[in-house]
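Chain by chain, the residues:
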Amino acid sequence: MSQTKRAWKLQEFVAHGSTVNCVALSKKSGRVIVTGGEDRKVNLWIVGKPNCLMSLCGHTTPVESVRFGHEEEMVVAGSMSGALKVWDLEQAKIMRTLTGHTSSIKSLDFHPYGDYCTSGSLDCNVKLWDIRKKGCIYTYRGHKNGVNCVRFSPDGKWIASAGEDGLVKIWDITAGKILTDLTYHNGPVNIVEYHPNELLLASGSSDRTVKFWDLENFNMVSTTDGDSTPVRNILFHPEGTCLFSGTKDLLKVYSWEPSKCYDSIPVNWGEVADIAIGQNQLIGTSFSQTNVSTFVVDLKRVQPFGGIPHQEGGSNFSSKNIDEVFTDLSISNSSLSEGLKHSRNKFITERPPTQSSRQASVPKEDIEEPTQDKEDQDNDSFEIANPEDYRQIFRPKSRLSHSPTRQIEPFQPPPEDGDMEPVRQPAPTRSNKTSKPVNKPPSKPVVKPSPRQPEEDKSGISPEDFLPQKAGGNDGYSSYGRVPSENETLSTLFSGHDAMARVLAHRSKNLQIVRAMWTSGNTKTAVDSAISMKDPSVIVDLLNVLNLKSGLWSLDLCSCLLPQVQDLMDSKYDSYVTAACEALKIMLRNFGPVIKSNLTAPPSQGVDLSREERYRKCRQCYENLCNIRSKVASRGGTPGKLGQLLREIQILMASMD
């Protein structure tokens, strides 16, 4: 068995009958997964097992966000329609259906005391809910775009929200107002997390950085160097010694005072959806289409807890002598100790002793009326597929813990390529009487087949299938003729290379022209130049840049680019359609109200050239949007993230009526 592997893929399984939209891990044990999908179901799984533990039904629209309670006793799920459902996993029943959001819910979190939860939505609002009595207690308004993440502070007095507008907002629950805006990110903020003890907040963004914030004075403590891809997930170590950051196919470990990358671990998880820690292992999960995958990182082999120190410059560790190695390890340990001695104040996380003091932590004014359940609760149901595992996890004999009562063992890495595991044959039993006798000794290792006698290919695929076949004779390349030579094979493989190289060179040349105009400061001229090239790939590249920098959009750019977006909606490439939809969503959010107000405003007195020009552009935009609307409707049944994006656009377009 491997003794050096730091990260490995644990499993991959089909989680839903249609596209998976969201995944979350339990933070207490890290051994239970909850998933939500387009099939409107919420499914629970045990990490490392392929069979569904239970299925929760009742939502009438796709599930967009899920979250476990702190003790793994509850699950909350938010849907595309803006409805929340809270399930009690111990009692196997639904606790409440809550409605109030007008658009898809993107993030959820439970209060440390369990009686409340918060939600962030594409409708730009953050809501605080009393899941036992009152429904929605308060709505926090202030984000200019969708809310990607919400988190309660460890003492339950604040809510941090991260938005597509690039802002992190801190809300005071008791006062019902905003405390501050944290504004140094240059792109959408995807995730926020509080330090488990100290008054410290971390935020990860599409600008590819993690920033740390001091919550005593609301100043930025430090920031990481830019990664190559957006930061999707972050998590503080339970002891608060470091922070783990998940990006595409990579896990990094950071300190913040001073800012330092302890370690960088390649993990082939794609866009990581959630991470948790248990048994000195970090568990990560991601999803694609109908599948969910889980991954394990052995923290005993990761700095600053163990293993080889991280080399920022890619220097060769083997060139160091043993004294240098121990010096590096001692420096890491001393810097870790210094971080623990930092004098930053801590959260007071003791639960209030009385109901009245606990109630004082939520606003007493502006309490909204209990929401009426719009979703049909008759459809709410539990389907427990594995009763034994369900009882062990959610109905343990001891009421002090909701994690499995049996001893949890860490996951073992798979064998390396060079490892040989013995084939252990089961001992004969009464139920195995008809089994064929075993000729090989039980301890005999698996023997790889000889190159001269390859294993039978059961897939029915032959390498010759990928080579061109000519009809008849020994001059052809069919399986009955001669095997092509190396030069002939290379010639076949490279036959389309030159054409593709010319296409990419032409595209690069066009982008250089657009970039030169862009850097000169005239964005409108650069956009006009890209449009005149009549190259859809250049338009898509330009839209991707503008989508990351939503502040660059203007009414002028909308009127220029909407016809191009309309053309891209007919593309056969999903990436082109996705870029067009992202741009369309930004335009509708930022300029939809402007277009509508200008078209419905009464005529002005006298001559107002600027108003007439603005009206002309708004009219042009409205006509293009009407043409695009029919194309969006025709793609309404598209599955996956693109389908979700199209449905969001339909909701935004409805406000233009």
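Because the structure is a prediction, the values reported are computed rather than measured.

Peer 1: Please explain the overall build of the chain as it appears in this structure.
Peer 2: From N to C terminus, the chain includes 11 helices and 29 strands. Looking at the chain residue by residue over its 657 residues, the buried ones come to 48%. Taking the contacts inside the chain whose residues are at least 6 apart along the sequence as the reference set, 55% of them involve residues at least 24 apart. Split by element, the accessible area of the chain, about 33100 Å² in all, is 51% carbon and sulfur.

Peer 1: For this particular structure, what's the right way to read the packing of helix α6 (residues 523–532) against helix α7 (residues 536–548)?
Peer 2: A packed helix pair is summarised by two numbers, namely the angle formed by the two axes and the spacing between the axes. Where α6 contacts α7, the two axes come as close as 8 Å, and the packing angle between them is 155°. In terms of orientation, α6 lies roughly antiparallel with respect to α7. Contact residues: α6 offers V527, A530 and I531, while α7 offers V538, I539 and L542. A breakdown of the residues in the contact of α6 with α7 according to their chemical character gives six nonpolar, no polar and no charged.

Peer 1: Can you help me understand the environment of S264 in this one?
Peer 2: Tracing the sequence through the fold places S264 in strand β25 (residues 259–266). A residue is classified by how much of its surface remains accessible, and S264, at 18% relative accessible area, is buried. Sequence spacing of S264 and L251 is 13 residues, and the spatial spacing of their C-alpha atoms is 5.8 Å.

Peer 1: How should the sheet that holds strand β6 (residues 63–68) be read in this particular structure?
Peer 2: Strands belonging to one sheet form pairs held by backbone hydrogen bonds; the direction of such a pair is parallel or antiparallel. Pairing in this open sheet of four strands is antiparallel, and the strands run β6-β7-β8-β9 from one edge to the other. Across the chains shown, the open sheet's two edge strands, defined by having one partner strand only, are β6 and β9 (93–98). The average undirected angle you get between the axes of adjacent strands in this sheet is 20°. Two elements, strand β7 (residues 74–79) and strand β8 (residues 84–88), share five bridges in a ladder whose sense is antiparallel. Of the residues in β8, the one forming a bridge with G78 is L84.

Peer 1: How do you make sense of a nonpolar patch on the surface when you look at a structure like this?
Peer 2: A grouping of L490, L493 and F494 is seen on the molecular surface, where their side chains present a nonpolar patch of about 320 Å² in accessible area. By the secondary structure assignment, L493 is in helix α4 (residues 486–493). Judged by its relative accessible area of 62%, L493 is exposed.

Peer 1: Please explain the sheet that holds strand β23 (residues 243–247) as it appears in this structure.
Peer 2: Across the sheet, which stays open at both edges, the four strands sit in the order β22-β23-β24-β25 with antiparallel pairing between neighbours. The open sheet terminates on both sides in strands that have one partner only, identified here as β22 (233–236) and β25. Direction aside, the axes of adjacent strands within the sheet are offset by 20° on average. The pairing of β23 with strand β24 (residues 250–256) spans five bridges and is classified as antiparallel. Paired with L243 across the bridge in β24 is Y254.

Peer 1: Whenever I open this one, the layout of surface pockets confuses me. Can you help?
Peer 2: Its boundaries defined by the atoms lining it, the second largest pocket holds a volume of some 820 Å³. Forming the boundary of the second largest pocket are 26 residues, of which K27, H70, E193, Y194 and P196 lie nearest the centre. Elements supplying a minimum of two residues to the lining of the second largest pocket: β6, β10 (105–110), β14 (147–152), β18 (189–194), β22 and β26 (274–278). Tallied by class, residues from the lining of the second largest pocket come to 13 nonpolar, six polar and seven charged.

Peer 1: Can you help me understand the UniProt feature "repeat: WD" (unreviewed entry) in the chain in this one?
Peer 2: Mapped onto the present numbering, the UniProt feature "repeat: WD" (unreviewed entry) falls on residues 13–45, 56–97, 98–139, 140–181 and 182–223. Secondary structure content for residues 13–45 is 0% helix and 55% strand, and the end C-alpha separation is 10 Å.

Reading guide: rules and limits
- Residues numbered from 1 in each chain as written.
- Predicted model: local features only at pLDDT ≥ 70, side-chain atom pairs only at ≥ 80, totals over all residues.
- Heavy atoms only, no water.
- Helix = DSSP H or I, 4+ residues; strand = E, 2+ residues; numbered from the N terminus.
- Buried < 20%, exposed > 50% of the residue type's maximum accessible area, 1.4 Å probe, protein only.
- Contact = heavy atoms within 4.5 Å.
- Areas by Shrake-Rupley, 256 points an atom, 1.4 Å probe, with all protein chains shown as cover.
- Axes fitted to C-alpha atoms, helices over the stretch in contact; angles between N-to-C directions.
- Parallel < 35°, antiparallel > 145°, perpendicular 65-115°, else oblique.
- Nonpolar A, V, L, I, M, F, W, Y, C, P; charged D, E, K, R; others polar.
- Pairing = 2+ DSSP bridges.
- Patch = residues over 30% accessible without salt bridge, like charges linked within 9 Å, V, L, I, M, F, W, Y side chains within 5 Å.
- Salt bridge = Lys/Arg side-chain N within 4 Å of Asp/Glu carboxyl O.
- 1 Å grid on protein atoms, 1.4 Å probe; cavity = no way out; pocket = protein on both sides within 12 Å on 5 of 7 lines; lining within 4 Å.
- Points joined across faces, edges and corners; volume = space filled by probe spheres on them.
- UniProt positions renumbered as here; feature names shortened; annotations may be inferred.

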